Amino acid sequence: MGYVPSVILGLCAFTHDSAAALLVDGELVGFVEEERLSQEKHTRDYPRHAIEWLLDEAGIKPGDVDAVAYNFQPARYLAESPAALRFALSGTTRHRALPRAAGFAKVGLRTRRRVQSLRQAFPGARVTPVLHHRAHQLTAFASSGWNESAVLVVDSLGERQTTTIAHGHWAGRRGTHTLEALYDPASLGYVYGAVTEHLGWRRGDEEGTVMALAALGDPARFRKLFSDAVRTTSTGFTLDPAYFPPRVLTSGYARTSPRFIADACLPRHPEEPVQQVHQDLAAALQERTEQIMLHLARRSRALTGSRRLCAGGGVATNCVSIGRIIEAGIFDEVFVPPASGDAGTAIGAALAVHVDSGSRRPLSGIARTCYLGPSFPEPVLDLGPWPGLKQKILGTDAAEFLADQLAHGMIVGLFQGRVEAGPRALGNRSILASPLEAGVVERLNATVKFREPFRPFAPMVTAARAREFFTLGQDAPYMSMASQVTDAARERIPAIVHANGTARLQTVTAAQNPFMHKVLKSFARRTGVPVLINTSLNVKGKPICGTPEMALDCLANSGLDALLLEGRWITK
């Protein structure tokens, strides 16, 4: 069978959302995004803190690592350089041909240097670059726990690929096998990022803000613009370069064209007020994104014949699109992993090396879990740096106590157990509030999260009672799906219903998060409603709090009323 590594370190590093994962004999020891420990959101740094924690958790040293899996393949970038010259044949794209060829070559060579630097950092290990979309596919498929499914990955760019449809199975040829791929410049993630930037928000960070804004607009105004700019084909879609010029991987090249600006609106400066035209542009972008995602989901069903779908890549975080796929009934069930963006490819890269080695060791510790990072079970809290804070130790009834405080209108930070994977709070690093409180959404946006007033807040609900309030019809454990709501939700908890009539819910079971399940049941006993508002434990522009110190900063510098940190009740 040849080389079968025992200790595999998977890395996402040097681009954005640095992260690391460790696989030992097929078991996932852990996974954490570097930002949760370094406090720099979307950091591109080498994930030093993450790696140190993983090796310590496993009780091993850097020399014990057999294999390092990196989430990009440099040679694939280099292949685009000669191919980019095809753009010289069209007057619309001629000016981009040479810069594009040079940009892909530069990134390919830079990626090769990065792989070489990893060989120096781990001289005893074999370093393997993994195709980016394959890493996404394996993360999504292995996280689902299913034996077989269709796997759809849609992002901005992985080397040259932007969209792949694969079939995943653990019998026979194990893993995922790509059946169809779209290549740049046909990129839905590129379009969404370009329009996000055009509307005055940060590309690669604030696409969710644009998705929320879309609910306030009328898509009809720019429907034709987007149907012309993003055209469906039998196997996917293409972009019209007259609106979205081909990507150049160096800065200084606009992602939208003068024609796009003429047909849409002038770029919005981040300080300018949001106007109706911005809302309408966001609405048309979101509508087209949903249409393309539905088209790709149907294509996935046709190619694989599978009744289940795993979705991954940055565009899979568009929870409204995922909700639309579920509602359309194309599949019996849809799954999105908690870390569907690039950070999660650290897991998938490690899995690729494990699978390709021929190892017959079964995978464990990956399926249906998101609590994969560090924990701080008994922190010694010196509140000296935060002179305004005071603490008391709670007894065994912490869940009852928390539910009572929430029922009385407090907004509380929660820090417990292991750090979650992915960008959404899943009950271990959360800000919780009662959806029954008047003005709670306004207060959360204005004084706690410091973000735009139109941003909605997600509900968490016990899985057993989800259907009373939400029509999704399947579990949504990772807050990755927007659901329509029932009349009961509109009447009793309108605070969690967004302007488009949906809510991005999280369903909670006792097995998944015993503490949060108990809090929800205790809250329901007091109020009749098993639903709480749940948002991530951070303020805008900061990463989710990975350490107790980060959580204490969040309490001290925001409108939070209190923080429940591993059984300690901390107030101002």
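(A) A look at the environment of Pro-267. Looking at the secondary structure, you find Pro-267 in the loop between helix 9 (258-263) and helix 10 (276-304). When the C-alpha positions of Pro-267 and Leu-199 are compared, they lie 6.0 Å apart, and in sequence the two are 68 residues distant.

(B) Structural context of the sheet that holds strand 8 (residues 175-183). Spatial ordering of the open sheet is given by 8-7-6-11-12, a layout of five strands whose pairing is mixed. With partners counted over all chains shown, the strands left at the sheet margins are strand 8 and strand 12 (333-335), one partner each. With strand direction ignored, the average angle separating the axes of adjacent strands in the sheet is 20 degrees. Two elements, strand 6 (residues 148-158) and strand 7 (residues 161-169), share eight bridges in a ladder whose sense is antiparallel. Residue Glu-148 lies in a different strand from strand 7, and its bridge partner there is His-169.

(C) Local environment of unusual backbone geometry. Going from Asp-184 to Pro-185, the amide bond is cis rather than trans, its omega being 15 degrees. Positive phi is not limited to glycine here, since Asp-17 has a value of about 60 degrees. Of note, Met-479 is a non-glycine position whose phi angle comes to about 55 degrees, a positive value. Residue Met-479 is classed as buried on the basis of its relative accessible area, which comes to 1%.

(D) Focus on the sheet that holds strand 3 (residues 27-33). Across the sheet, five strands lie side by side as 3-2-1-4-5; this open sheet has mixed pairing. The sheet is open, and its two edges are formed by strand 3 and strand 5 (126-129), each paired on a single side. Across the sheet, the axes of successive neighbouring strands diverge by a mean angle of 15 degrees, strand direction being ignored. Pairing between strand 2 (residues 19-24) and strand 3: six bridges, direction antiparallel. When the bridges of strand 3 are listed, Ala-20 appears paired with Val-32. Packing against the sheet, helix 2 (residues 48-58) makes contact with strand 1 (7-12), strand 2 and strand 3, and its axis sits at approximately 155 degrees to strand 3. Running at roughly 140 degrees to strand 1, helix 12 (residues 345-356) makes contact with strand 1, strand 2, strand 3, strand 4 (67-70) and strand 5 of the sheet.

(E) Spatial organisation of the pattern of salt bridges. The full count for this structure, using the stated rule, is 31 salt bridges. Among the ionic pairs, Asp-404 bridges to Arg-526, the shortest N-O distance being 3.1 Å. Residue Asp-404 is found in helix 13 (residues 398-407), and its partner Arg-526 is found in helix 17 (residues 514-527); the two are separated by 122 residues along the sequence. On the basis of relative accessible area, Asp-404 is assigned to the partly exposed category, the value being 25%. Here Lys-540 and Glu-452 are joined by a salt bridge, their closest N and O atoms 2.7 Å apart. You can see Lys-540 sitting in the loop between strand 19 (531-536) and helix 18 (548-556) and its partner Glu-452 sitting in the loop between helix 14 (440-449) and strand 16 (458-462), a full 88 residues away along the chain.

(F) Molecular detail of helix 2. All of the buried residues in helix 2 are Ala-50, Ile-51, Trp-53, Leu-54 and Leu-55. Two residues or fewer after helix 2 comes Gly-59, characterised by a positive phi angle close to 70 degrees.

(G) Highlighting the side chain of Arg-114. Examined against the element boundaries, Arg-114 turns out to sit in helix 4 (residues 94-121). Put simply, Arg-114 is tucked away with no salt bridge, and the nearest opposite charge, on Asp-45, sits 9.7 Å away. Within polar-contact distance, the side chain of Arg-114 engages the backbone oxygen of Phe-14 at 3.2 Å. Beyond its immediate sequence surroundings of up to four residues, Arg-114 is in contact with Phe-14, Thr-15 and Tyr-70.

(H) Structural detail: the state of the cysteines. By the definition in use, this model includes zero disulfides. Not part of a disulfide, Cys-310 finds its nearest cysteine sulfur in Cys-370, a span of 16 Å. Judged by its relative accessible area of 0%, Cys-310 is buried.

Criteria and cut-off values
Starting afresh in each chain, residues are numbered from 1 along the sequence in its written order. Given that the model is predicted, a residue must reach a pLDDT of at least 70 before its local features are reported, and side-chain atom pairs must reach 80 or more before they are shown or counted; all residues, however, enter totals for whole chains, interfaces and linings. Hydrogens and water are ignored here; the side-chain numbers use all heavy atoms of the structure. Numbering goes from the N terminus for both helices and strands, where a helix is a DSSP run of H or I of at least four residues and a strand is a run of E of at least two. Here, strands pair whenever DSSP counts at least two bridges between them. With axes taken as lines fitted to C-alpha atoms, and helix axes fitted only over the stretch in contact, angles between N-to-C directions fall between 0 and 180 degrees. Think of it in three bands: residues with accessible area under 20% of the maximum for their type are buried, residues over 50% are exposed, and the middle band is partly exposed, with areas taken using a 1.4 Å probe on protein chains only. Residues are treated as being in contact if the distance between any of their heavy atoms lies within 4.5 Å. By definition here, a salt bridge exists when the distance from a side-chain nitrogen of Lys or Arg to a carboxyl oxygen of Asp or Glu is within 4 Å. His residues and chain termini do not enter the charge count, which takes Lys and Arg as positive and Asp and Glu as negative. Here a polar contact means two N or O atoms within 3.5 Å. Within protein one must be a hydrogen donor candidate and the other an acceptor candidate, and residues neighboring in sequence count only if both atoms are side-chain atoms. Count a disulfide wherever a pair of cysteine sulfur atoms falls within 2.5 Å.

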